[in-house]
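# Survey of secondary and tertiary structure
So you can see what is in the structure, the chains are spelled out below.
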Amino acid sequence: MTIFAVYITFAGALVTVAVNVLFIPYYGYMASAWAHIASYATMIILSFVLAEKRYRVEYNMKQFIPYFVMASGIVLVAGQLNYPDMITELIVSTGLLVIFIAYAQHRDKILTMFFKGQEK
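Residues numbered from 1 in each chain as written. Predicted model: local features only at pLDDT ≥ 70, side-chain atom pairs only at ≥ 80, totals over all residues. Heavy atoms only, no water.

Let us look at helix H1 (residues 3–27). Compared with the 36 Å implied by 1.5 Å per residue over 25 residues, the 35 Å span of H1 between its first and last C-alpha is a close match. When the local axis directions of H1 are compared, the greatest deviation, roughly 35°, occurs at Val21, which is followed within four positions by the proline Pro25. Every buried residue of H1 is listed here: Ile8, Ala11, Gly12, Val19 and Asn20. As for H1, its buried residues are in contact with helix H2 (29–54). Of the residues flanking the end of H1, it is Gly28, one or two places downstream, whose phi is positive at about 70°. (Helix = DSSP H or I, 4+ residues; strand = E, 2+ residues; numbered from the N terminus. Expected span 1.5 Å × (residues − 1). Bend = angle between axes of the 7 residues up to and from the residue. Buried < 20%, exposed > 50% of the residue type's maximum accessible area, 1.4 Å probe, protein only. Contact = heavy atoms within 4.5 Å.)

This is the structure in structure tokens:
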């Protein structure tokens, strides 16, 4: 394990503990879920920044903008809908996820890329 991995892991753990201690008394288990997301976000950003210095990779970040916009739109739309029951919510949410995956397949052949090497 490199020293970068130790720093990244420690930072993620620190964020998790800090968010849990500060917000669980007020928001309950939802604060724990957000702490998990904040921890992963911190570790992803640190990984990107620290790896950028050592392992130079050219990322075309503009290609990810449509995915970010579509995912944000799906989350906003799904959050605004009032579902009569859980089954309806699951059906609508699954449908939105299928639309997102279909878009990714159409645009970048994402499923083909994942399953291409597994054929024998």
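Note on helix geometry: an α-helix contains 3.6 residues per turn, so any two residues three or four positions apart are oriented the same way. Spanning 26 residues, H2 covers 38 Å between terminal C-alpha atoms, matching the ideal 38 Å at 1.5 Å per step. Of all the positions in H2, only Ala31, Ala35, Ser39 and Leu50 are classed as buried. The inward-facing, buried residues of H2 abut H1.

All right, on to the confidence of the model for the protein chain then. In the predicted model, the protein chain carries a mean pLDDT of 88, and 96% of its residues have values of at least 70. Within the protein chain, the element-level pLDDT minimum falls on helix H5 (residues 110–115), averaging 76, and the maximum on H1, averaging 93. (pLDDT = per-residue confidence, 0-100.)

Our next topic: the packing of helix H3 (residues 65–80) against helix H4 (residues 86–108). Relative to each other, H3 and H4 sit at 170°, their axes nearing to 11 Å. By the criterion of interaxial angle, the relationship of H3 to H4 is roughly antiparallel. Here Pro66, Tyr67, Met70, Ala71, Ile74 and Ala78 of H3 lie close against H4, whose contacting residues are Leu96, Ile99, Phe100, Tyr103, Ala104, Arg107 and Asp108. For the contact of H3 with H4, the residue count by class is 11 nonpolar, no polar and 2 charged. (Axes fitted to C-alpha atoms, helices over the stretch in contact; angles between N-to-C directions. Parallel < 35°, antiparallel > 145°, perpendicular 65-115°, else oblique. Nonpolar A, V, L, I, M, F, W, Y, C, P; charged D, E, K, R; others polar.)

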